[in-house]
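# Structural overview
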Amino acid sequence: MTQVLSPVDAVVDIVGVTMEFPGVMALDCVDFRMYPGEVHSLMGENGAGKSTLIKVLTGVYSATAGDMHLAGSKVSFSTPAQAQDAGISTVYQEVNLLPNLSVAENIMLGREPRRFGSLDWRAMRRRAAELLEGLNLDIDPGSLLGSHSIAIQQLVAIARAVDVNATVLILDEPTSSLDTDEVAELFRVIRTLKEQGCAILFVSHFLDQVYEIADRLTILRNGRLVGEYRTEEILKIDLVQKMIGKEMASFSELEQRHRESEEEIAGTGIPFLEAKGLGRRGAIRPVDFSIDEGEVVGLAGLLGSGRTEIARLLGGIDRADSGTSEVNGKAVKLTSPRKALSKRIAFASEDRRGEGIVGDLSVRDNIALALQIERGWYRPIAPKRVTELAQHYIDALNIRPADPHALVRNLSGGNQQKVLLARWLAVAPRLLILDEPTRGIDIGAKAEIQKLVFNLAENGMSVLYISAELEEVLRLSHRVGVMRDRHMVSMVENDSLSVEDLLALIAEGSEDEDEKDVVA
Amino acid sequence: MSNTVMERLPANAATRGTLSAGRRIITSPKYAPVLVTLGLFIAMFVSGGVRYDNFWSPQVLLNLFVDNAYLIVLAVGMTFVILTGGIDLSVGSVIALSAMICAKLLEAGVPAAGVIAVTLVATSLLGLGMGLMIHVFKVQPFIATLAGMFLARGLCYVISEASISINDPFFVSMASTRIPLGGSASITISVIIALLVVAIAFYVLHYSRFGRTVYALGGSEQSGTLMGLPVGRTKVLVYVVSGLCSGISGVLYSFYTLSGYSLTAVGTELDAIAAVVIGGTLLTGGYGFVLGSALGVLVLGLIQTMISYEGTLSSWWTRIFIGGLLLVFIVLQKVLTRRRN
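To keep things clear, this report deals only with the structure shown in the data block. In this convention, every chain numbers its residues from 1, walking through the sequence in written order. For naming, the first written chain is A and the first written ligand is 1, with later ones following in the order written. Note on the predicted model: pLDDT of at least 70 is required for a residue's local features to be given, and 80 or more for side-chain atom pairs to be given and counted; whole-chain, interface and lining totals, by contrast, use all residues. Derived side-chain values reflect all non-hydrogen atoms in the structure, with water molecules and hydrogen atoms excluded from consideration.

## Quick word on the overall build of chain B
Numbering goes from the N terminus for both helices and strands, where a helix is a DSSP run of H or I of at least four residues and a strand is a run of E of at least two. If you tally the helices and strands in chain B, you get 15 helices and 4 strands. Taken over C-alpha atoms, the radius of gyration comes to 21 Å for chain B, in line with the 20 Å a tight globule of 341 residues would show. Along the first, second and third principal axes, the C-alpha atoms of chain B reach 70 × 55 × 35 Å. Exposure categories follow from relative accessible area, calculated using a 1.4 Å probe and restricted to protein chains: below 20% of the type maximum is buried, above 50% is exposed, and the middle band is partly exposed. Per-residue burial for chain B yields a buried fraction of 52% across its 341 residues. Throughout, a contact is declared for two residues whenever any of their heavy atoms are within 4.5 Å. Put simply, 77% of the contacts in chain B that link residues at least 6 apart link residues at least 24 apart. Once the 19 positive and 11 negative side-chain charges of chain B are each reduced to a mean point, those two points are 19 Å apart. Both definitions apply: the radius of gyration is a C-alpha atom measure, and the globule rule equals 2.2 Å times residues to the power 0.38. When charges are counted, Lys and Arg are positive and Asp and Glu negative, with His and the chain ends excluded. Note that the charge is assigned to NZ on lysines, CZ on arginines, CG on aspartates and CD on glutamates.

## Overview of the packing of helix 9 (residues 189-207) of chain B against helix 10 (residues 209-219) of chain B
Residues and elements named next belong to chain B. One way to put it is that helix 9 packs onto helix 10 with a least axis distance of 5 Å and a crossing angle of 75°. Relative to helix 10, the element helix 9 lies roughly perpendicular. On the side of helix 9, the interface is formed by Val-204, Leu-205, His-206 and Tyr-207, while helix 10 contributes Arg-209, Phe-210, Gly-211, Arg-212, Val-214 and Tyr-215. The angle between two axes is taken between their N-to-C directions and runs from 0 to 180 degrees, where each axis is a line fitted to C-alpha atoms and a helix contributes only its stretch in contact. Put simply, angles under 35 degrees are roughly parallel, angles over 145 are roughly antiparallel, angles from 65 to 115 are roughly perpendicular, and the rest are oblique.

## Topic: empty space enclosed by the protein
Residues and elements named next belong to chain A. Note on definitions: the grid is 1 Å and covers protein atoms alone; a cavity is a set of points where a 1.4 Å probe fits but cannot get out; a pocket is an open set with protein on both sides within 12 Å along at least five of seven lines; lining residues have an atom within 4 Å of a point. Grid points are joined across faces, edges and corners, and a volume is the space filled by probe spheres set on the points. Tallied over the full model, the rule gives 3 cavities of 30 Å³ or more. Each pocket or cavity is described by its volume, and for the largest cavity that value is around 270 Å³. Secondary-structure elements contributing two or more residues to the lining of the largest cavity are helix 2 (80-85), strand 6 (88-91) and helix 5 (150-163). In this classification, the charged set is Asp, Glu, Lys and Arg, the nonpolar set is Ala, Val, Leu, Ile, Met, Phe, Trp, Tyr, Cys and Pro, and all remaining amino acids, among them Gly, are polar. Among the residues making up the lining of the largest cavity, the classes are represented as 12 nonpolar, 6 polar and 2 charged.

## Focus: the pattern of salt bridges
Residues and elements named next belong to chain A. The salt bridge definition used is simple: a Lys or Arg side-chain nitrogen within 4 Å of an Asp or Glu carboxyl oxygen. All told, the structure shown has 26 salt bridges over all chains when counted by the stated rule. The closest approach of N and O atoms between Asp-28 and Arg-224, which form a salt bridge, is 3.2 Å. Placement of Asp-28 in strand 2 (residues 24-34) and of Arg-224 in strand 12 (residues 224-230) is noted, with a sequence separation of 196 residues between them. With a shortest N-O distance of 3.4 Å, Lys-74 and Asp-67 are connected by a salt bridge. Judged by its relative accessible area of 55%, Lys-74 falls in the exposed class. Judged by its relative accessible area of 34%, Asp-67 is partly exposed. Among the ionic contacts, a cluster of salt bridges with common partners joins Glu-38, Arg-216 and Glu-228.

## Observations concerning helix 4 (residues 58-83) of chain B
Counted at 1.5 Å a residue, the expected span for helix 4 of chain B with its 26 residues is 38 Å, but the 32 Å between its end C-alpha atoms falls short. Within helix 4 of chain B, 21 of the 26 residues are buried, which leaves it mostly tucked inside the rest of the structure. An expected span of 1.5 Å times one less than the residue number is assigned to each helix.

## A closer look at the environment of A:Tyr393
Residues and elements named next belong to chain A. Here Tyr-393 shows up in helix 14 (residues 383-397). Of the residues examined, Tyr-393 reaches a relative accessible area of 12% and is grouped as buried. Residues Tyr-393 and Pro-404 lie 11 residues apart in sequence; the distance between their C-alpha atoms is 9.6 Å. Excluding residues within four positions of it along the chain, Tyr-393 makes contact with Ile-367, Asn-398, Ile-399, Ala-422, Leu-425 and Ala-426. Only 3.4 Å separates the side chain of Tyr-393 from the backbone nitrogen of Ala-426, close enough to count as a polar contact. For the purposes of these results, a polar contact is taken to be a pair of N or O atoms within 3.5 Å, where, inside protein, one atom must be able to donate a hydrogen and its partner to accept one; residues adjacent in sequence count only when each atom of the pair is a side-chain atom.

## Regarding helix 16 (residues 443-458) of chain A
Residue and element names in this part refer to chain A. With 16 residues, helix 16 extends 23 Å between its outermost C-alpha atoms, agreeing within 8% with the 22 Å of an ideal straight helix rising 1.5 Å per residue. Along helix 16, 12 of the 16 residues are buried, which leaves the element largely enclosed by surrounding structure. Along helix 16, the positions that sit buried rather than exposed are Ile-443, Gly-444, Ala-445, Lys-446, Ala-447, Ile-449, Gln-450, Leu-452, Val-453, Phe-454, Leu-456 and Ala-457.

## Description of the sheet that holds strand 18 (residues 345-348) of chain A
Residue and element names in this part refer to chain A. Sheet architecture is open: 6 strands sit in the order 18-19-20-15-21-22, paired in mixed fashion. For this open sheet the edge positions go to strand 18 and strand 22 (488-493), each flanked by a neighbour on one side alone. In this sheet, adjacent strand axes meet at a mean angle of 15° when their direction is disregarded. Relative to strand 20 (residues 462-466), strand 15 (residues 296-300) runs parallel, the two sharing 4 bridges. Opposite Gly-298, over in strand 20, you have Tyr-465 as the bridge partner. Taken strand by strand, helix 16 contacts strand 15, strand 19 (431-435) and strand 20, and its axis lies near 150° from that of strand 20. By definition, two strands form a pair when at least two bridges between them are found by DSSP.

## Description of the environment of A:Arg409
All names here are of chain A. Among the structural elements, Arg-409 can be located in the loop between helix 14 and helix 15 (413-425). According to the relative accessible area criterion, Arg-409 is partly exposed, its value standing at 48%. Each C-alpha atom of the pair Arg-409 and Ala-63 lies 22 Å from the other, and the pair is 346 residues apart in sequence. Dropping the residues within four chain positions of it, Arg-409 is found in contact with Gly-359, Asp-360 and Gln-416.

## Details of the pairing of strand 14 (residues 284-292) of chain A
As paired elements, strand 13 (residues 271-280) of chain A and strand 14 of chain A share 6 bridges and run antiparallel to each other. The residue of strand 14 of chain A that forms the bridge with A:Leu278 is A:Val287.

## Focus: the environment of A:Ile317
Residue and element names in this part refer to chain A. In this fold, Ile-317 is placed in the loop between helix 10 (307-314) and strand 16 (322-327). Expressed as a C-alpha distance, the spacing of Ile-317 and Leu-334, which sit 17 residues apart in the sequence, is 8.4 Å. Beyond its immediate chain neighbours, meaning those up to four positions away, Ile-317 contacts Arg-312, Pro-337 and Phe-347.

## Describing the pairing of strand 4 (residues 65-70) of chain A
Residues in a regular strand point their side chains to alternate faces of the sheet. Residue and element names in this part refer to chain A. Here strand 1 (residues 12-21) pairs with strand 4 via 5 bridges, running antiparallel. Following the sheet pairing, Ile-14 is matched in strand 4 by Met-68. When strand 4 meets strand 5 (residues 73-75), the two strands line up antiparallel, connected through 3 bridges. Considered in strand 5, the bridge of His-69 is made with Lys-74. In textbook terms, the turn of a hairpin is the stretch between consecutive antiparallel strands, and for strand 4 and strand 5 this stretch comprises 2 residues, one of which, Ala-71, has a positive phi near 50°.

## A word on the side chain of B:Thr119
Residue and element names in this part refer to chain B. Its location among the elements puts Thr-119 in helix 6 (residues 112-136). A distance of 2.7 Å separates the side chain of Thr-119 from the backbone oxygen of Val-115, its partner in a polar contact. Setting aside residues no more than four positions away along its own chain, Thr-119 makes contact with Ser-98, Ile-101, Cys-102 and Val-251.

## Points about the sheet that holds strand 6 of chain A
All names here are of chain A. Reading across the sheet, the 6 strands line up as 6-9-10-3-11-12 and stay open at both edges, with mixed pairing between neighbours. Pairing within the sheet leaves two strands with one partner each, and these edge strands are strand 6 and strand 12. With strand direction ignored, the average angle separating the axes of adjacent strands in the sheet is 20°. Contacting strand 3 (39-43), strand 9 (168-172) and strand 10 (199-203), helix 6 (residues 180-195) crosses the sheet at an angle of about 150° to strand 10.

## Structural notes on a nonpolar patch on the surface
Residue and element names in this part refer to chain B. Here, patches come from residues exposed beyond 30% relative accessible area and free of salt bridges, joined within 9 Å for like charges and within 5 Å for nonpolar side chains (Val, Leu, Ile, Met, Phe, Trp, Tyr). The protein chains shown are the only cover counted for residues, whose accessible areas, like all others here, come from Shrake-Rupley with a 1.4 Å probe. The grouping of Ile-25, Tyr-31, Leu-35, Leu-38, Ile-42, Val-46, Val-50 and Trp-56 at the surface amounts to a nonpolar patch, some 750 Å² of accessible area in total. Counting residues per element, the nonpolar patch draws most heavily on helix 3 (residues 32-51), which supplies 5 residues. Note that Trp-56 resides in the loop between helix 3 and helix 4.

## Quick word on the packing of aromatic side chains
All names here are of chain B. Stacked, edge-to-face and tilted labels apply to pairs of Phe, Tyr and Trp rings (six-membered ring for Trp) whose centres lie within 6.5 Å, assigned for plane angles under 30 degrees, over 60, and everything in between, in that order. A full pass over the atoms with the stated rule returns 16 aromatic pairs over all chains. Seen in terms of ring centroids, Tyr-70 and Tyr-253 are 4.8 Å apart; in terms of plane orientation they differ by 65°. Their pairing is edge-to-face. Taken together, the residues Tyr-70 in helix 4 and Tyr-253 in helix 12 (residues 231-257) connect sequence positions 183 residues apart. There is no split in this pair, since Tyr-70 and Tyr-253 are both buried. Members of the aromatic cluster, joined through ring pairs, are Phe-41, Phe-45, Tyr-52, Phe-55 and Tyr-309. In this scheme, Lys NZ or Arg CZ marks a charge over a ring once it lies within 6 Å of the ring centre and within 35 degrees of the ring normal. When the ring centre of Tyr-215 is taken as reference, the NZ or CZ atom of Arg-212 above it lies at 4.6 Å.

See the structure below:
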């Protein structure tokens, strides 16, 4: 590969692209280049213009101004199909394939081999099998796509993209629902493609992953270009600074405060909720669990280890089929979210869009939702009071835009999460269950949310904090429940626990296969 | 749980062998409902033979086709629509309308071939209209085809309030010609046409891009769009197909009854939907086979036959059985799709 990279070598060369929406400058004269055989990462907070740039690149939006050159010739796309024909393929965060069709069809659909005008199924399966083999994926092309895990589905999406003879492959947050092994598998595929000369745009919130896979990165902030760097030439801390445009003191400050508070209180010692042998067949093996007032308990484990399942039992979303729970020493049955709420237990789902916010309602209405439900429809809250409430949380949680009447669907992920938090805070819970509250949101919002959790606990609220990011769990929790194979393997005090310690706990004894069968 | 573990890892070919293949088919939302329907059909036929005299004859079986040829064609069109996740409520009225058009035009002396051509074009256009409404104006299929249903039924009365009988020699010969199949067994030409429609539909659904796009639409319209499939065109076309099938069905119906009457085939759209669902097509779209729908029609026909053999039961019991069966199948679909998710 040539080391001298000039615009001439670039497969994608965008100059001065501007995208203006009514009232918003989503992209302001941004330059962007991608080279063949290189993994390029687009960095920026939510709302920095990453998605807009991707959408311009893939023909979803037509830029207001600016030029785009693809392999030297000027192009302008007005539909995704045009971009695809020109060799730009996209794999989206949510797998956009068809679960009801076979793997082979999902790869080949739209350009199926035909013989005498009718589809040649045999050739289709053969071609698909070749592609899967090229990516080292050992799955049956004839099987239904929906019968595979999300990770496999994502790789199938990539196989599809590769078959379009993509010169440019865009991976938009491909790892957000994958666990460590699956990410490794994905990276192996990415490297294979890279060797074949494909230019890959890798967009991810996981800095470690970006540093592992990306050769070069472009940083955007508020729709403007901050700069383009070789990954090896920019330190993580500098990258973060450039992304958020301010000193990243908040995290270290948090850690400092965490250490201080640990010496002082470390929970009040008064148990708020105690569960004994709580379990649900096929979801989670019986666990003993307790949380004190003002305590933050973290749950750590791999994807599918049962983290979410515990949270759903405590939040009353799923019914436990064994065990008992006590709140403040009184036996309770958490059989519905409403029941849980009446015991002042609030659950914020990991599926923000599906089970959290209501996109077509305003920020104000989203925030008031749980409170109104708790009061019942016959005791309406005065509209003025609702607006005040919303305004209070908008200020307190720094929700942007600071407009109570903005539709939540138009907010960035981080701000949607804050709205969701505000909704539950409005009902003044005593136990707040947060399932992956920081997933897919930018680093600034992450810090803010963690700081908030911290403050809530200091004020006596119990928080059950679930996150795939172990640093977060360690930073916030007084105790950490370690989950493995739908089972809580241990509950450890978080005194000077390190990520490595936690990883060891999660991984420890994973060879006892027979235990797995007991669960099944 | 061993399932999820297996699914997470790329399963190797050995573990995927014949042992799990059978289980995969039985629990698959794609095949299971059809297999259940087939089993049900066989079980019903066997138990009918045990219970009633003269039930096990080829003609009883063939009469299922003869009496329901028009419904098979109707169910074929409906399958296209339901596979995309839509619904077409207009088909019953369209049968009446096309029978009326046939009767009226024949009465006016138009030759049979011309009459049939006009009818099929008219019903296809009606389907096109509804499809455009659904695609361009984003009207719910339920509402758009409900409008189509009232429109077609109303048009019947515009053509004639009274029943018009058909004396055209071609139509009469189509009604009376029996094709012997050895012994005393025979079928009508309508049966051949219906089976031809099923065969063509099967080919189109499984061996044409249009057909695969129909399935894709039922899987996820958004994904289909992002995959660059002709989503809009396909969505409109399935209603044209359904309109065309209703037209053919109406022509077969007029072969069968030799008359046109505004009040015929009321509620037939619901029979067609029931047949499609019992035949294993998911109402939410994406899974199903046109052969299943034909089988669904036969099951409905068999219920009717058995009740007439029973003698003492009122024919309304047919409805009760169909209702019960529908419930069972919808629950089955739910269970199968939930397992997948």
